[in-house]
Amino acid sequence: MAAFVKALNAKIRSNPVSDYFCSTHFWGPASNFGIPLAAVLDTQKSPDLISGQMTGALTVYAFTFMRYSLAVTPKNYLLFACHFTNAGAQLTQGYRYLDYHYWGGKQKLEAAEASQAAGGALEKAVAVAPPVATSVPASK
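Conventions adopted
Residues numbered from 1 in each chain as written. Predicted model: local features only at pLDDT ≥ 70, side-chain atom pairs only at ≥ 80, totals over all residues. Heavy atoms only, no water. UniProt positions renumbered as here; feature names shortened; annotations may be inferred. Helix = DSSP H or I, 4+ residues; strand = E, 2+ residues; numbered from the N terminus. Buried < 20%, exposed > 50% of the residue type's maximum accessible area, 1.4 Å probe, protein only. Contact = heavy atoms within 4.5 Å. Phe/Tyr/Trp six-rings, centres within 6.5 Å; stacked < 30°, edge-to-face > 60°.

- With an unreviewed UniProt entry as reference, the protein is termed Mitochondrial pyruvate carrier, source organism Rhypophila decipiens.
- If you open the UniProt record of the protein and go to Function (unreviewed entry), you find "Mediates the uptake of pyruvate into mitochondria."
- The protein has a UniProt comment under Subcellular location (unreviewed entry) that states "Mitochondrion inner membrane".

Rendered as structure tokens:
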């Protein structure tokens, strides 16, 4: 059995493409892309759900490993792309957090919701109200 595994490994490692796809230089970044994917999808959610501390930590993490991905030999450009995407998404989330909590975004959102609720109540009142009969005198 050991001879079979050794032969299979030698076959995989002899082809540069399959050697790359069977290495940590591919699978590390491929599995790590879940973090930026989640951050990009979170940009569609309400900003009150954003954790400022976690966003800050993930931003530092992304920039640290962007640097690391270019410091290793051979350079891992897939890992760089993963952390570059993550850094952009985390910076976006950080801006949304600061805007919502410190730059008046919460008040703007509450005002927009209040005006939308008032507009919705007016539309509902108009839809429920019975039609008013008007008569126009006939002209002679």
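More follows now that the structure is in view.
### Concerning the environment of P47
Here is step 1 of the chain: Structurally, P47 can be placed in the loop between α4 (34-42) and α5 (52-71).
Here is step 2 of the chain: Take P47: its relative accessible area is 17%, and that puts it in the buried class.
Here is step 3 of the chain: Excluding anything up to four places from it in sequence, P47 contacts R96, Y100 and H101.

### What to know about the packing of aromatic side chains
Here is step 1 of the chain: Counted under the stated rule, the structure contains five aromatic pairs.
Here is step 2 of the chain: Ring geometry for F80 against F84: centres 6.1 Å apart, planes inclined by 20 degrees, an arrangement best described as stacked. In this pair, F80 and F84 are both assigned in helix α6 (residues 77-101), four residues apart and thus about one turn of the helix distant.
Here is step 3 of the chain: A relative accessible area of 53% means that F84 is categorised as exposed.
Here is step 4 of the chain: For the ring pair Y95 and W103, a centre distance of 5.8 Å and an interplane angle of 55 degrees mean the geometry is tilted.
Here is step 5 of the chain: Here W103 falls in the partly exposed class, since its relative accessible area comes to 47%.
Here is step 6 of the chain: Within the aromatic cluster, the residues linked to one another by ring pairs are Y61, F65 and Y68.

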